[in-house]
Amino acid sequence: MSTADQLRAELARAARALGAPPDVAPILERPRDPAFGDWTSNIAMVLARPLGRKPRDVAESLVQSLDLAAGGIRSTEIAGPGFINFRLETGTLAGVLPVILKQDAAFGRSVVGAGKKVNVEFVSANPTGPLHVGHGRQAALGDAISALLEVTGWSVSREFYYNDAGVQIANLALSTQARVRDLAGEATDVPEGGYHGEYIREIAERYVETYPADAHGDDLDQLRRFSVQELRKEQDRDLQAFGVQFQTYFLESSLYENGAVDRTVRALVDGGKTYEKDGALWLCTTAYGDDKDRVMRKSDGTFTYFVPDVAYHVTKWERGFARAINVQGADHHSTVTRVRAGLQAIGMGIPEGYPDYVLHQMVTVMKAGEEVKISKRAGSYVTVRDLIDEVGRDAVRYFFLMRKGDSQLVFDVDLARSQSEENPIYYLQMQHARMCGIFRNGGIAAHEISADGVDLSVLGEPEEQELVKALADYPALLVNAAQALEPHRLAGYLQETAAKASKWYHKHHVLDEPEPIFKARLVLARATQVVLRNGLAILGVDAPERM
RNA sequence: GCGCCAGUAGCUCAGUUGGAUAGAGCAACAGCCUUCUAAGCUGUGGGUCGGGGGUUCGAUUCCCUCCUGGCGCGCCA
C-alpha cells in the first residue's frame, strides 16, 4: 500500500467518524504549488454541506482525529477555503526509491486489467497505397495505447484489419493493369476510381519482371493478388520502420469465405430489427440512436461495408475479447453508432459500449509553407516513411503522441526537420542519457546500484523532493492514462519529470560528494533513469545511454 | 439543417474525476560554459481560458445558448 493510499484510508476513517456518508471517497492530490505541501485534500469542503458545518471547522475536526503517524505525516495545515495540506517526512517521501530500483523495468506495472483480453485494432489500411500520415498517427496512438494497457495488466492483442477483395481492390487491379499496358506500349487510361500514384507504376514493373508471360496484364486475378501482396509488403516495411508489430492480420474476405457475413445477416434478421424496402434490406439503427436507418443489403444483392464490419466485431467478441478498442480517424465516426447498433440488434449479450473508439482528428501536412493535399487517388501524399526518413522514428512517434487525439494536428515537415535540435524528444532522451553518464563517469554498473543501507532522508533539497514526488506519481499516472486511453498524458508527465531531473542535475552533483550524499543521490539518479526509460518504452521511443 | 471534435500567451499545445495566484515548449529580451553532456540552466515580459447566461463555497473544467474552424451526414468504404 502506497503512502498515498494509507493517507486516503486514514482520511476516510476520520471522515466517517465525523458522520460523513459511507460512500465518501477522499480526494488526495498533488497541490499545484509545492508551498501547499506534498499532498492536499478538499474533503472538508466536500463534507461541509452534508454535515451542515463550515469547511474550515470540518477540516479542524478532521485534522484533530487523524492518526498522523499512520501516513508518515510530518505536519498538516488548513489553508484557503478549507484545504488540508500534508507534508510528509523526507524518509517517507523517498520510500519509493528502493521500490523503483528493486522493480526496475517492472516499476509502474499494475494489475488493474486483471489479465482480461483486450483487442486493439489500428491502422487497418486497405492495401491500395502506402501508409500516409494519418495512419502514422494511428500507429503511434494504437501502439502506445496497447503498451499502456499491457503495463496496467491487460492481455493485449494488436490487430490490423484489411479488405483484400472489395471494389477498391478491383480498382487497384485495374490500375496496375493499365500501367502494365503502358509498359507494353499501349496507352491506357487508369479506370474511373482507380489509383494514380507512382507506386502503381513500380508495382507494374515488378509484375512484368515476375510474370513475363503476362506482359499485357490479361490475368486480372493474378494482377490483383500481386498488387495486394506488394502493397502489403510495403506497408509492413513502413510499420517495421516505425517499430509496430501486430499479432493478427484479419482479412475481410475471410468473413465471406467462412460464412460469418451470412450468419450475421441471419442473426440480425432473427433479431427482428430489419425490414425490406425498395428492394434493399435495412437495419433499424435508429432504434439505437442513429439519425436514419441503414442499408445492409443493396438492391443489387451485395452488402454494404458495415455488415462485414459488424460480423468482424462479432468475431472479436467470440474470440474472447472482453474489450475491443478501435483507433480510427474522426472521419469514420459515423460508423461508431452503426457498428454498435448492429451488435446490439443481434442480441447476443455484447455490452452496449462495445467496441470502444479512439477517434483522432485529422493530420494536415505542411511542406514549404503550403498544405500538402493528401489524396490516394490523385497520387499525392506524404507517407509515414517520408516522415520517418526526414525527422526520425522517435521524433515522429513522440510528435504524434504528445498531443491528445482530439486535437487537429499540423505536421509541418520543414519545421519538424529544422527543429530537430530543439525537438522535445531530444530533451527527454538527453535527461536519460545524462543519468547514464553519471554512472558511466563513476565507473558504476547501473543495475548494481542498490538502496540497501542507504539513508535516503538526506535527499532534502527542494529539487530532490520535487523529483522524488514526480517519480512516485508514475504508477498512478499510468493507470489514469491507460483508463483514459490517452498516451499524451504520459508524454506530458515525462516532459515534466525530465525538466525536474534537469533542474536537479544542474544544481546538485552526485559524484565526488561526501559518501552519504553520494549514495543517496546515486539512488535518485538511477530511479530517475529507470522511470524515464520505462515511460519512453511505452511510447515506443528509444532511451539511449549516451547521445 | 443535424451529429462529432476543437477554440487557452505572438506560435504549437497541456491543464488528470470542478479547487488555491491558469502552465510548458518555441519565439522575444537579459544573464550563465575551469563544475557528472550548454541538445542545457536561471530570470523577465506576455492571458477577456471564443461571447453570454446558469449550477455552487469555488467553473478553463459541468449544463444551456450563440459565434468561429475541422470532420461526417450514400443502396461508397
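**Q** What's the story with the protein's contact with RNA strand B in this structure? I'm lost.
**A** Looking at RNA strand B, there are 57 residues lining it, with R403, N441, K503, H506 and H508 nearest. For RNA strand B, the fraction of atoms within 4 Å of the protein that belong to sugar or phosphate moieties is 60%. One nitrogen or oxygen atom from the side chain of R403 is found 2.3 Å from a sugar or linking oxygen belonging to RNA strand B. In the environment of RNA strand B, a phosphate oxygen lies 2.9 Å from a nitrogen or oxygen atom belonging to the side chain of H488. Within the residue set of the surface near RNA strand B, elements represented by two or more residues are α2 (43-51), β4 (83-88), β9 (280-283), α17 (424-441) and α19 (488-507). Here the surface near RNA strand B takes eight residues from α17, the largest share from any one element.

**Q** Please explain the packing of aromatic side chains as it appears in this structure.
**A** Aromatic ring pairs are defined here through the distance separating the ring centres and the angle between the ring planes. Evaluation of the coordinates by the stated rule reveals 15 aromatic pairs. Ring geometry for Y161 versus F250: centroids 6.1 Å apart, planes at 40°, classification tilted. Linking Y161 in strand β6 (residues 155-162) with F250 in strand β7 (residues 248-251), this pair joins segments that are 89 residues apart in sequence. Ring plane angle 85° and centroid distance 5.3 Å describe the contact between W317 and Y354, whose orientation is recorded as edge-to-face. One end of the pair, W317, is in helix α12 (residues 306-318); the other, Y354, is in the loop between α13 (334-346) and β12 (356-360), and 37 residues separate them in sequence. For W317, a relative accessible area of 26% corresponds to the partly exposed category. Classification of Y354 as buried rests on a relative accessible area of 4%. Feature note: the residues F122, F160, Y162, F246 and Y249 constitute an aromatic cluster, connected by ring pairs. Note that R397 overlies the ring of F242, its terminal NZ or CZ placed 5.0 Å from the centroid.

**Q** Got a minute to help me understand helix α7 (residues 167-183) in this structure?
**A** An α-helix turns once every 3.6 residues. As a result, residues three or four positions apart point the same way. Between the first and last C-alpha of α7 there are 25 Å, a value that for 17 residues agrees with the 24 Å anticipated at 1.5 Å per step. Taken as a whole, α7 has its buried residues at I169, N171, L172, A173, S175, T176, Q177, A178, R179 and V180. Residues of α7 that are buried sit in contact with α8 (198-210) and α9 (220-242). A positive phi of about 90° marks G185, the residue just after α7.

**Q** Is there a simple way to explain α19 in this structure?
**A** When the terminal C-alpha atoms of α19 are compared, their 29 Å separation across 20 residues agrees well with the 28 Å that a helix rising 1.5 Å per residue should span. The complete set of buried residues in α19 reads L490, A491, Y493, L494, T497, A498, A501, S502 and W504. The elements touched by buried residues of α19 are α6 (133-151), α15 (393-401), α17, α18 (462-484) and α20 (515-539).

**Q** Just to check I follow, could you spell out the domain arrangement of chain A for this structure?
**A** By convention, interface size is frequently given as the accessible area that disappears when the constituent parts associate. Domain parsing of chain A yields domain 1 (3-88) and domain 2 (421-538). Computed from C-alpha coordinates alone, the two centres of domain 1 and domain 2 are separated by 30 Å. Taken together, the contact between domain 1 and domain 2 spans five residues of the former and four residues of the latter. At the boundary of domain 1 with domain 2, total buried surface from both sides reaches about 360 Å², with 36% on carbon and sulfur atoms. On the surface where domain 1 and domain 2 come into contact, there are two salt bridges. Summed over the shared surface of domain 1 and domain 2, the number is three residue pairs in polar contact (both at pLDDT 80 or more).

What counts, and where the lines are drawn
- Along each chain, residues carry numbers from 1 onward, in the same order as the chain's sequence is written.
- Working convention: letters from A go to chains and numbers from 1 go to ligands, in the order in which they are written.
- Local features in a predicted model are, by the rule used here, given only for residues with pLDDT of at least 70; side-chain atom pairs are given and counted only at 80 or more, and totals for whole chains, interfaces and linings are based on all residues.
- Excluding hydrogens and water, the side-chain values take into account all heavy atoms of the structure.
- One heavy atom within 4 Å of a molecule or strand is enough for the residue carrying it to be called near that molecule or strand.
- By the criterion applied in these results, polar contacts are pairs of N or O atoms within 3.5 Å in which, for protein atoms, one can donate a hydrogen and the other can accept it, and in which residues neighboring in sequence qualify only through two side-chain atoms.
- We count a stretch as a helix when DSSP gives it H or I for four or more residues in a row; a strand needs E for two or more, and each element gets its number in order from the N terminus.
- Side-chain rings of Phe, Tyr and Trp, where Trp is taken by its six-membered ring, are said to pair if the distance between their centres is within 6.5 Å; with planes under 30 degrees apart they count as stacked, over 60 as edge-to-face, and otherwise as tilted.
- Burial classification: accessible surface area is computed with a 1.4 Å probe over protein chains only, and a residue below 20% of its type maximum counts as buried, one above 50% as exposed, and the rest as partly exposed.
- Here, over-ring charges are defined by two tests on the NZ atom of lysine or the CZ atom of arginine: distance to the ring centre within 6 Å, and angle to the ring normal within 35 degrees.
- Take the residue count of a helix, subtract one, and multiply by 1.5 Å to get its expected span.
- It only takes one pair of heavy atoms within 4.5 Å for two residues to be counted as in contact.
- An automatic or database domain assignment supplies the start and end points of every domain.
- Note: buried area is the sum, over both parts, of the accessible area (probe 1.4 Å) each one loses when the two are combined.
- Salt bridge, as used here: a side-chain nitrogen of Lys or Arg that lies within 4 Å of a carboxyl oxygen of Asp or Glu.

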